[in-house]
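For reference, the chains in residue letters:
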Amino acid sequence: MAVDEANKQEYVPKKKKPSEEDERRKKVTPGSLMKAIIRPGGGTEHPGEGDQVVIHCTTRTLDGVIVNSTRSEHGGKGNAARYILGKSKMLLGFCEGLPTMLKGEVAMFKIKPKLHYAEDDCPLIAPDGFPKDDELHFEIEMLDFYKVKVVSEDLGIVKKIINEGQGWESPREPYEVISWISAMTLHGEVILPCPKEPYHFTFGKSEVPKGLEMAIGTMTRGEKAAVFVSNAYLTESPLMNITEDLEGVQFEVELVHFIQVRDMLGDGRLIKRRIVDGRGEFPMDCPLQDSLLKVHYKGMLLNEEKTVFYDTRVDNDGQPLEFSSGEGLDWTGLNFQSIMDEADKIKSTGNRLFKEGKFELARAKYEKVLREYNHVNPQDDEEGKVFLNSRNSLHLNVAACYQKMGEYRKSIEACNKVLDANPVHAKALYRRGMAYMLGGDFDEAKNDFEMMIKIDKSSEPDATAALLKLKQKEQEVEKKARKQFKGLFDKKPGEIAEVKTGSTEEQGLDEEDDEQVKLGKQSQANDAANQDGNGEVRRAVEVDRKGLLSNLRPSVRGFFRALGFRKWSVVMLGMILLLATQLALVFFGQGGGFRLG
């Protein structure tokens, strides 16, 4: 009972820590915030967290004296106020009152001092001469509200998406951008009319105001958006003149197209400019290391005439250039330890890709190092051991990738590259046994797991667990086989029973997660026994590993596999023999045999 109680306590969800807004709301008491609707709004939707609200606000004393206003007729500049609910610094009365309003609604809020500028730790500073200790009336008109994306942390740049774009890529320095751009002041005065042609500019060259460029950097191809930029981000540019009296600008932008330009080396020596977009997704559909590439290319001089000095379509009989990417790692001049360190870095990348489920990419990393290992020559026994262990580890990692990809025969071949040189390598036996089991070759799997126990007692827990799993798999296959052949032998002679095939899900073997064999240090005695050839270990490895029916001719084994049996237990063999008897009765029994003409 004590354990159960402890477990219950462990899974009790932790209480959410009160936010600053929650603490502020505790200050709202009955009568501190009163609302009267002057003009009803339209629709049923209210602004929520993350929405930008656009309002006009006029503040009066209870005697009707105006003390502050956004409206020009009441002494304001005429610019509507903009807040983002949940993000902007606001009066507490606004935080509570604005979410209750509808679009187009005009309401009068009567607010106690502690809910406006007299609030303890109020995030806003009261205007000069403002009666912050008085109860006041705030007349608010909800002009509009909508979802926005915050571009700058200080809320100086926000974006309202009008039409969603396509793809995932956004322009960045030094991309070439083509877009439609128009602009107006925050109170609606047009200051940049929509042009007859889209505007071309290079990202990062200050050819548009800084705030607008930052917002375009969040857009995708084809996206249309309204961008609100405060005066702090309105820098001078060839696009438009910026005057000091502008508090902010509302841009309307449609991102027509952008051309990818990349500094490949980071020092200006190699610049790539994409001319035509390719197909597929980045980076999954890009060439990997050691991919066979076929490319057409044209070489030109950077003169006014753009003189072409080579073109595969002309100078190579119209054939593309063929080559392999990433051929050769630059290990020239490195000592053995440095080479091993470089190999470990690539292996670590492969391990990360494996954990991310990118098994094909991980396998490519491991195999790249293995190919380069053909050119590595250890100079002494110590280096030889390090090199051998590293190479074996890479082969087994390749085998693990193939298992995850469902290619069990290739996984077995990768394990054999280790076992051919060291038949007593317990981890290789384990991984090969797993591949055999997942592929349905249960006898071979059993032999490998049992061999593990013979050659290394420290691997017995892993081998025992694997044998238990193997037994479960065998029982599952036999159970499915009985289900498939149910009723087959209940027919009378001459009748052919229908053999029902289970669904794909029923027939498939569940793929196991890769299990690392946690072995202790491999004893030197095992290596000695392997080299000597006179010990019991060598003889145990050379025992004939083939199981029941494994000596059948390949064509016969192929026939059984065609019936759905990858390996055959005694039960399955009995079923097959009974099936053969039934077929014999059909053809040679009561009137059902062949007759010579």
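Preceding this section is the structure that the text describes.
The structure contained in this document is the topic of the report that follows. (Residues numbered from 1 in each chain as written. Predicted model: local features only at pLDDT ≥ 70, side-chain atom pairs only at ≥ 80, totals over all residues. Heavy atoms only, no water.)

### Some details on the overall build of the chain
At step 1: Looking only at helices and strands, one finds 17 helices and 19 strands in the chain.
At step 2: Taking all 597 residues of the chain together, the buried fraction comes to 37%.
At step 3: Considering only contacts in the chain between residues 6 or more positions apart, those separated by 24 or more positions represent 67%.
At step 4: Split by element, the accessible area of the chain, about 36200 Å² in all, is 51% carbon and sulfur. (Helix = DSSP H or I, 4+ residues; strand = E, 2+ residues; numbered from the N terminus. Buried < 20%, exposed > 50% of the residue type's maximum accessible area, 1.4 Å probe, protein only. Contact = heavy atoms within 4.5 Å. Areas by Shrake-Rupley, 256 points an atom, 1.4 Å probe, with all protein chains shown as cover.)

### Examining the packing of helix H11 (residues 442–455) against helix H12 (residues 460–484)
At step 1: For the pair H11 and H12, the least separation of the axes is 8 Å and the interaxial angle reads 165°. The angle between the axes of H11 and H12 places the two elements in the roughly antiparallel class. You can see that H11 and H12 cross each other, and the crossing is left-handed. Residue-level inspection shows Phe-442, Ala-445, Lys-446, Phe-449, Glu-450, Met-452 and Ile-453 of H11 in contact with H12, the latter providing Glu-460, Ala-463, Thr-464, Ala-466, Leu-467, Leu-470, Lys-473, Glu-474 and Val-477.
At step 2: Residue composition of the contact of H11 with H12, grouped by class: 10 nonpolar, one polar and five charged. (Axes fitted to C-alpha atoms, helices over the stretch in contact; angles between N-to-C directions. Parallel < 35°, antiparallel > 145°, perpendicular 65-115°, else oblique. Left-handed = near helix turned anticlockwise from the far one by under 90°. Nonpolar A, V, L, I, M, F, W, Y, C, P; charged D, E, K, R; others polar.)

### With respect to the packing of helix H7 (residues 359–372) against helix H8 (residues 381–404)
At step 1: At their nearest, the axes of H7 and H8 sit 9 Å apart, and the two run at 155° to each other. Classified by the angle their axes make, H7 and H8 are roughly antiparallel. For the pair H7 and H8, the sense of crossing is left-handed. Residue-level contacts link Phe-359, Ala-362, Arg-363, Tyr-366, Glu-367, Val-369 and Leu-370 of H7 to Arg-391, Leu-394, His-395, Asn-397, Val-398, Cys-401, Tyr-402 and Lys-404 of H8.
At step 2: A class-by-class count of the residues in the contact of H7 with H8 yields nine nonpolar, two polar and four charged.

### Remarks on the nonpolar core
At step 1: The biggest cluster of nonpolar side chains holds 46 residues, and the ones touching the most others in it are Trp-331, Tyr-366, Val-369, Tyr-373, Val-376 and Phe-449.
At step 2: Contributions of two or more residues to this core are made by helix H6 (336–355), H7, H8, helix H9 (408–419), helix H10 (426–438), H11 and H12.
At step 3: The residues contacting Tyr-373, other than those within four sequence positions of it, are Trp-331, Met-340, Ala-343, Phe-387, Ser-390, Arg-391 and Leu-394.
At step 4: If you look at the next biggest cluster of nonpolar residues, it comprises 28 residues, including Met-219, Ala-225, Leu-239 and Leu-246. (Core = buried A, V, L, I, M, F, W, Y, C linked by side-chain atoms within 4.5 Å.)

### Description of the packing of aromatic side chains
Given two aromatic rings, their pairing is described by the distance between the two centres and the angle made by the two planes.
At step 1: One pass over the full model with this rule turns up 10 aromatic pairs.
At step 2: Chaining the aromatic ring pairs together yields one cluster made of Tyr-83, Phe-94 and Phe-138.
At step 3: One residue, Lys-103, lies across the ring of Phe-145, its end atom 5.1 Å from the ring centre.
At step 4: Seen from the ring of Phe-258, Arg-221 lies directly overhead, with NZ or CZ sitting 4.3 Å from the centre. (Phe/Tyr/Trp six-rings, centres within 6.5 Å; stacked < 30°, edge-to-face > 60°. Lys NZ or Arg CZ within 6 Å of the ring centre and 35° of its normal.)

### Some points on the pairing of strand E13 (residues 248–259)
Consecutive side chains of a regular strand alternate in pointing toward one face of the sheet and then the other.
At step 1: In this structure, strand E9 (residues 176–185) lies alongside E13, joined through 10 bridges in antiparallel fashion. By the bridge assignment for E13, Met-184 is matched with Gln-250.
At step 2: Relative to E13, strand E12 (residues 224–230) is paired through seven bridges, and the arrangement is antiparallel. Its bridge partner being in E13, Val-227 is matched across the sheet by Phe-251. (Pairing = 2+ DSSP bridges.)

### Some words on the pattern of salt bridges
At step 1: Scanning the entire structure with this criterion turns up 29 salt bridges.
At step 2: Here Glu-141 makes a salt bridge to Arg-71, at a shortest N to O gap of 2.4 Å. A residue pair is termed long-range when its members are at least 10 positions apart, and Glu-141 in strand E6 (residues 136–147) and Arg-71 in the loop between strand E3 (66–69) and strand E4 (81–84) qualify at 70 residues.
At step 3: On the basis of relative accessible area, Arg-71 is assigned to the buried category, the value being 16%.
At step 4: Two residues, Glu-135 and Lys-112, come together in a salt bridge whose shortest N-O distance is 3.4 Å. Remark: Lys-112 occurs in the loop between strand E5 (106–111) and E6 and Glu-135 occurs in the loop between E5 and E6; sequence separation between them is 23 residues.
At step 5: Since its relative accessible area comes to 31%, Lys-112 is described here as partly exposed.
At step 6: Here the salt bridges do not stand alone but share partners, grouping Glu-169, Arg-221, Arg-274 and Asp-277 into one network. (Salt bridge = Lys/Arg side-chain N within 4 Å of Asp/Glu carboxyl O.)

### A closer look at the environment of Phe-201
At step 1: Mapping Phe-201 onto the fold places it in strand E11 (residues 199–202).
At step 2: The exposure class of Phe-201 is buried, given its relative accessible area of 3%.
At step 3: Put simply, Phe-201 and Glu-176 are 25 residues apart on the chain and 6.0 Å apart in space, counted from C-alpha to C-alpha.

### Here's the deal with the side chain of Ser-170
At step 1: For Ser-170, the position within the fold is in the loop between strand E8 (157–163) and E9.
At step 2: For Ser-170, a relative accessible area of 17% puts it in the buried group.
At step 3: Only 2.8 Å separates the side chain of Ser-170 from the backbone oxygen of Met-219, close enough to count as a polar contact. (Polar contact = N/O pair within 3.5 Å; in protein donor to acceptor, adjacent residues only side chain to side chain.)

### Regarding H11
At step 1: Its 14 residues place the ends of H11 20 Å apart at the C-alpha level, agreeing with the 20 Å of an ideal helix rising 1.5 Å per residue.
At step 2: Turning to H11, its buried residues are Phe-442, Glu-444, Ala-445, Asp-448, Phe-449, Met-451, Met-452, Ile-453 and Ile-455. (Expected span 1.5 Å × (residues − 1).)

### Overview of the side chain of Arg-24
At step 1: By the secondary structure assignment, Arg-24 is in helix H2 (residues 20–25).
At step 2: Among the polar contacts listed, one links the side chain of Arg-24 to the backbone oxygen of Met-90, at a separation of 3.2 Å.
At step 3: For Arg-24, the contacting residues outside a window of four places in its chain are Met-90, Leu-91, Leu-92, Cys-95, Glu-119 and Pro-123.

### Regarding unusual backbone geometry
Peptide bonds are trans in most cases, and residues, glycine excluded, mostly fall at negative phi.
At step 1: A cis geometry characterises the amide bond from Glu-173 onward to Pro-174, with omega recorded as 0°.
At step 2: The backbone of Ser-206 sits at a positive phi, close to 60°, despite the residue not being glycine.
At step 3: Secondary-structure assignment places Ser-206 in the loop between E11 and helix H4 (210–216).

### What to know about H9
At step 1: Between its terminal C-alpha atoms H9 stretches 16 Å, which fits the 16 Å expected from 12 residues at 1.5 Å a residue.
At step 2: Residues of H9 that are buried: Tyr-408, Ser-411, Ile-412, Ala-414, Cys-415, Val-418 and Leu-419. For H9, the arc enclosing every buried residue in end-on projection is 160°, short of the 170-degree limit, so these residues lie on one face.
At step 3: Its buried side turned inward, H9 meets H8 and H10. (Arc of directions from axis to C-beta.)

### Here's the deal with the environment of Ile-339
At step 1: With respect to the helices and strands, Ile-339 occurs in helix H6.
At step 2: Ile-339 sits 37 residues away from Val-376 along the chain, and the two C-alpha atoms are 8.4 Å apart.
At step 3: Here Ile-339 is in contact with Trp-331, Leu-334 and Val-376, once residues within four sequence places are set aside.

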